[in-house]
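Secondary and tertiary structure notes
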Amino acid sequence: MKIAVINFSGNVGKSTIARHLLLPRIPGADLIPIESLNADEGQGQALRGRQFGELQEYVQTVDNVVVDIGASNVEELMAQMQRYRGSHEDFDGFVVPTVPALKQQQDTIATLIELSRIGVPSTRLKLVFNMVEAGVKVDQAFDPLLAFLKQQPITKVNLNCRLGENEIYGRIKGTKTDLASLASDPTDYKALIVQAKGVNEKLALAQKLATRRLACGVVPELDACFAELELKS
Ligand SMILES: Nc1ncnc2c1ncn2[C@@H]1O[C@H](COP(=O)(O)OP(=O)(O)OP(=O)(O)O)[C@@H](O)[C@H]1O
Ligand SMILES: [Mg+2]
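Residues numbered from 1 in each chain as written. Chains lettered and ligands numbered in written order. Predicted model: local features only at pLDDT ≥ 70, side-chain atom pairs only at ≥ 80, totals over all residues. Heavy atoms only, no water.

1. Some remarks on the confidence of the model for the protein chain
- Summing up the model confidence of the protein chain, the mean pLDDT is 92 and the portion of residues at 70 or higher is 94%.
- In the model, residues 37–45 has pLDDT below 50 throughout and makes 20 contacts with residues more than four positions away in sequence or in other chains. (pLDDT = per-residue confidence, 0-100. Contact = heavy atoms within 4.5 Å.)

2. Let's talk about the site of ligand 1
- Close contacts around ligand 1 come from 18 residues, with Lys14, Ser15, Thr16, Asn130 and Asn166 the closest.
- Within the side chain of Thr16, an N or O atom sits 2.6 Å from an oxygen atom of ligand 1.
- In this structure, Asn130 approaches ligand 1 through a side-chain N or O atom, which is 2.9 Å from a nitrogen atom.
- Look at ligand 1: alone it shows 640 Å² of surface, and the protein chains cover 84% of it. (Near = heavy atom within 4 Å. Polar contact = N/O pair within 3.5 Å; in protein donor to acceptor, adjacent residues only side chain to side chain. Areas by Shrake-Rupley, 256 points an atom, 1.4 Å probe, with all protein chains shown as cover.)

3. Things to note about the nonpolar core
- Membership of the largest hydrophobic core comes to 36 residues, with the highest contact counts inside it found for Ile6, Phe94 and Leu115.
- Ignoring any residue separated from it by four or fewer positions in sequence, one finds Ile6 in contact with Lys14, Ile69, Val74, Leu77, Met78, Phe94, Val95, Val96, Pro97, Thr111 and Leu115.
- Counting residues in each nonpolar core, the second largest holds 28 residues, with Ala29, Val95, Ile172 and Leu182 among its members. (Core = buried A, V, L, I, M, F, W, Y, C linked by side-chain atoms within 4.5 Å. Buried < 20%, exposed > 50% of the residue type's maximum accessible area, 1.4 Å probe, protein only.)

4. Side note on the packing of helix H4 (residues 102–117) against helix H6 (residues 143–151)
- H6 packs onto H4 with a crossing angle of 25° between their chain directions and a minimal axis gap of 8 Å. Considering their axes alone, H4 and H6 lie roughly parallel with respect to each other. The hand of the H4/H6 crossing is right-handed. Taking contact as the criterion, the partners of Leu102, Gln105, Thr108, Ile109, Leu112 and Ile113 in H4 are, on H6, Asp143, Pro144, Leu145, Phe148 and Leu149.
- Here the residues of the contact of H4 with H6 sort into eight nonpolar, two polar and one charged. (Axes fitted to C-alpha atoms, helices over the stretch in contact; angles between N-to-C directions. Helix = DSSP H or I, 4+ residues; strand = E, 2+ residues; numbered from the N terminus. Parallel < 35°, antiparallel > 145°, perpendicular 65-115°, else oblique. Left-handed = near helix turned anticlockwise from the far one by under 90°. Nonpolar A, V, L, I, M, F, W, Y, C, P; charged D, E, K, R; others polar.)

5. Notes on the sheet that holds strand E1 (residues 2–5)
- Across the sheet, which stays open at both edges, the six strands sit in the order E2-E3-E1-E4-E5-E6 with parallel pairing between neighbours. Two strands bound the open sheet, and with one partner strand each, they are strand E2 (30–34) and strand E6 (162–164). Each adjacent strand pair in this sheet contributes to an overall mean axis angle of 20°, direction not counted.
- Where E1 and strand E3 (residues 65–69) come together, four bridges link them in parallel fashion. Bridge pairing links Val5 to Asp68 in E3.
- Of the strands in this sheet, E1, E2, E3, strand E4 (93–98), strand E5 (125–132) and E6 touch helix H1 (residues 14–22), which is tilted by about 165° from E3.
- Against the sheet, helix H2 (residues 52–61) makes contact with E1, E2 and E3, and its axis sits at roughly 170° relative to E2, the strand it touches most. (Pairing = 2+ DSSP bridges.)

6. Examining the side chain of Thr108
- With respect to the element layout, Thr108 can be found in helix H4.
- Among the residues examined, Thr108 registers a relative accessible area of 0% and is labelled buried.

7. Structural notes on the packing of H1 against helix H10 (residues 199–229)
- In the contact formed by H1 and H10, the axes pass within 10 Å of each other and the chain directions differ by 95°. Taken together, the axes of H1 and H10 are roughly perpendicular relative to one another. Residues His20, Leu21 and Leu22 of H1 touch H10, and the partners they reach there are Leu222, Cys225, Phe226 and Leu229.
- Within the contact of H1 with H10, the residues separate by chemical class into six nonpolar, one polar and no charged.

Shown next as structure tokens:
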């Protein structure tokens with residue numbers, strides 16, 4: 001399965017979704033971050049948009065890949081995809097994360113229009129409603145975007161493709177930790193906290209315990225969101 005994660009907007013969770021939602025659930029997939037301005041925590045070679053030719057060739061050589069396209073490269077990449085006619089067909093899906101802020105919803109609309117214009121069929125365009133706060137209804141938070149899609153159904157909407165706002169992503173940012181191993185960490189932190197001598201040591205262990213609890217909560221949410229995406233090769 002070959003997936004591109006894309007949005008003209010920065011900070012919508014492209015890298016987070018590439019790394020924590022998609023990569024662990026596509027067996028054997030490599031993560032390719034296309035970043036120029038932002039340091040990325042992901043592994044793999046970083047390619048610039050203008051090295052699209054190379055990216056295209058690389059994508060032919062692998063069966064499974066998640067390409068995380070940093071906002072600063074999206075425009076260039078879209079232009080290249082337009083130039084190399086049909087190159088979008090290399091991807092089984094374009095995952096477009098979006099967040100409730102109005103500007104990001106507008107950029108998301110622009111992203112969907114552009115992908116549709118270069119020929120990506122609606123079945124391969126997948127919205128992920130990200131950073132939805134607890135208790136907030138997706139259809140209310142994303143009213144501008146959903147109203148547009150009602151007028152122009154360039155992608156099918158699944159309101160269950162959603163991820164809540166969760167501080168776990170911030171906590172593990174910059175580390176190589178994956179959430180599933182964090183969730184299944186068998187360490188008895190409570191026992192260690194009892195044995196720990198100083199307050200600082202106890203606090204450090206308490207933080208690890210809290211992070212594991214957050215991971216345990218978020219993994220099922222990620223599993224459910226991934227299933228709802230119905231990505232097919
Ligand atoms: N569901 C979420 N809950 C809480 N924080 C989140 C969530 N998704 C992403 N974040 C945080 O939001 C910030 C932006 O996310 P991320 O880096 O994945 O965005 P991006 O779209 O890749 O940005 P860029 O275009 O700059 O590469 C990060 O600090 C990340 O930890
Ligand atoms: Mg990113």
